[in-house]
Amino acid sequence: MDEGKKRMAVLVGCNYPNSRNELHGCINDVLTMKEVLVKRFGFDPSHVQLLTDAPGSMVLPTGANIKKALGHMIDQAEAGDVLFFHYSGHGTRIPSAKPGHPFRQDEAIVPCDFNLITDLDFRQLVNRLPKGASLTILSDSCHSGGLIDREKEQIGPNAATTNNNPKVPSHSPKAIPFESILQHLSSLTNISTSDIGTHFLEFFGSDASLKFRLPPLERDLFESINADEGILLSGCQANETSADMSPHEGGGRSYGAFSNAVQMVLKEHSGQLSNKQLVMMARDVLQAQGFEQQHPCLYCSDQNAGSTFLWQPDQC
């Protein structure tokens, strides 16, 4: 990766204020990450776009706005550019149409308007990258393992998921159940059907996820055949939840457990870290804090597993 190329980021924090799905630390997560990107990784502040649902936000993190921001970033990219997407908010799982899928469900993030962005959407974004550019996704959300469809698993599900620690910190899971999303969409469309795709197409139209707009056979066109430059650091396994700490639970500060773990690792290690090292160290931090049911994962090519996180220059 050549030095001197552009570094661009889209940071999304969704707290869902004044709703039954309200979280507390997501906006803090991305504000802290912006500071890290600028001070440590050499990002120009003007190339870091923040989308949050904080009161007074001019551009809300809706599904359409997030995809527009990511698409614009990719359209600007050239060979050697370093692209970064940090999402902190709710995640969910939806029924999968793919035979033999490990959990028979697909992963998605939940923007503030519930217009899901799915693993297929992220696969399409990665496939659009110009040759030589990279896109690192850090998703601090529930069920985020596998969020780039068909990306190779480097650090995956941990078999030892039994909880032997009675002192797991009190927290809120960053997940909205599929049934709750279906119920919400049904109230918007007034259509009586359990087919969630029907609701998304009716209410969001062309802004709906590719998963609901494309026929099943066309979805296979987005399959990744060769190694690509998509890198996913997920806050947990596909069948797990990620934790959100309120001010009371977090000792006066609100934060996402995974985002906080990553930032702690980066603070304690000023030198270059590979993507694999960063994820394994974040796992250790979470375990030490009592989060034994949350296992961050890494999905990327073999080469990128050992590549430096965000291609940190030697002098940083």
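This one's a predicted model, so the numbers in the text were calculated from it and none came from an experiment. (Residues numbered from 1 in each chain as written. Predicted model: local features only at pLDDT ≥ 70, side-chain atom pairs only at ≥ 80, totals over all residues. Heavy atoms only, no water.)

Peer 1: Requested: an account of the overall build of the chain, with residues and values cited.
Peer 2: Assigned secondary structure in the chain consists of 10 helices and 13 strands. Burial status across the chain gives 55% buried among its 316 residues. At a minimum sequence separation of 6, the contacts of the chain that also span at least 24 residues come to 76%. When the accessible surface of the chain is summed, it comes to about 13700 Å², and 50% of that surface belongs to carbon and sulfur atoms. (Helix = DSSP H or I, 4+ residues; strand = E, 2+ residues; numbered from the N terminus. Buried < 20%, exposed > 50% of the residue type's maximum accessible area, 1.4 Å probe, protein only. Contact = heavy atoms within 4.5 Å. Areas by Shrake-Rupley, 256 points an atom, 1.4 Å probe, with all protein chains shown as cover.)

Peer 1: Account for the sheet that holds strand E7 (residues 134–140), with residues named and values stated.
Peer 2: Spatial strand order, E2-E1-E3-E7-E10-E13-E8: seven strands in an open sheet with mixed pairing. The open sheet has two edge strands, strand E2 (48–52) and strand E8 (153–155), and neither has a second partner. Neighbouring strand axes in the sheet, compared pairwise and without regard to direction, differ in orientation by 15° on average. Sheet topology note: the E7/strand E10 (residues 230–234) ladder contains five bridges and is parallel. Note that in E10 the partner of serine 139 across the bridge is serine 234. With respect to the sheet, helix H2 (residues 63–76) is in contact with strand E1 (7–13), E2, strand E3 (82–88) and E7, its orientation differing from that of E1 by roughly 175°. (Pairing = 2+ DSSP bridges. Axes fitted to C-alpha atoms, helices over the stretch in contact; angles between N-to-C directions.)

Peer 1: Residues and numbers for the packing of helix H4 (residues 178–189) against helix H5 (residues 196–204), please.
Peer 2: Following both chains from N to C, one finds H4 and H5 inclined at 45°, their axes separated by 10 Å at the closest point. As the angle between them shows, H4 and H5 are arranged oblique. With respect to the hand of their crossing, H4 and H5 are arranged in left-handed fashion. Together, Phe178, Ile181, Leu182, Leu185, Ser186, Leu188 and Thr189 of H4 and Ile196, His199, Phe200, Glu202, Phe203 and Phe204 of H5 make up the contact between the two elements. A class-by-class count of the residues in the contact of H4 with H5 yields nine nonpolar, three polar and one charged. (Parallel < 35°, antiparallel > 145°, perpendicular 65-115°, else oblique. Left-handed = near helix turned anticlockwise from the far one by under 90°. Nonpolar A, V, L, I, M, F, W, Y, C, P; charged D, E, K, R; others polar.)

Peer 1: Give me the lowdown on the pairing of E2, citing residues and values where you can.
Peer 2: Pairing analysis gives five bridges linking E1 to E2, with the strands arranged parallel. Pairing of valine 10 across the sheet is with glutamine 49, part of E2. Regarding the hand of the β-α-β motif, the stretch spanning E1, helix H1 (residues 26–41) and E2 is right-handed. (Right-handed = clockwise from strand over helix to strand, strands pointing away.)

Peer 1: So what's going on with helix H8 (residues 257–268)? Residues and values would help.
Peer 2: For H8, with 12 residues, the first-to-last C-alpha span of 16 Å sits near the 16 Å given by 1.5 Å per residue. Within H8, nine of the 12 residues are buried, leaving the element largely enclosed by the surrounding structure. Three or more residues of H8 are buried, namely Ala257, Phe258, Ser259, Asn260, Ala261, Val262, Gln263, Val265 and Leu266. (Expected span 1.5 Å × (residues − 1).)

Peer 1: I'd love a proper account of the nonpolar core, names of residues and values included.
Peer 2: Membership of the largest hydrophobic core comes to 46 residues, with the highest contact counts inside it found for Phe85, Phe122, Leu135, Ile181 and Phe200. Top element by residues in this core is H2. It accounts for five residues. Formed by 36 residues, the second largest nonpolar core is a distinct cluster that contains Val48, Leu233, Tyr255 and Ala282. (Core = buried A, V, L, I, M, F, W, Y, C linked by side-chain atoms within 4.5 Å.)

Peer 1: With reference to specific residues and values, describe the sheet that holds strand E4 (residues 91–95).
Peer 2: Within the open sheet, the three strands sit side by side as E4-E5-E6. Their pairing is antiparallel. Two strands in the sheet have a free side with no partner beyond their single neighbour: E4 and strand E6 (117–118). Pairing of strand E5 (residues 105–109) with E6, which is carried by two bridges, proceeds in the antiparallel orientation. From the neighbouring strand, isoleucine 109 faces E6, where its bridge partner is isoleucine 117.

Peer 1: Could you give an account of the side chain of aspartate 106, with specific residues and numbers?
Peer 2: Checked against the element boundaries, aspartate 106 lands in strand E5. Judged by its relative accessible area of 2%, aspartate 106 is buried. Side chain to side chain, aspartate 106 and serine 96 meet in a polar contact 3.2 Å long. (Polar contact = N/O pair within 3.5 Å; in protein donor to acceptor, adjacent residues only side chain to side chain.)

Peer 1: Please provide a residue-by-residue account of the pairing of E10, values included.
Peer 2: Among the five residues in E10, five count as buried, and that is most of the element. Here E10 shows a buried face lined by Gly230, Leu232 and Ser234 and a second buried face lined by Ile231 and Leu233. Examined bridge by bridge, E10 and strand E13 (residues 297–299) share three bridges and lie antiparallel to one another. Looking at the pairing, leucine 233 lines up with leucine 298 of E13.

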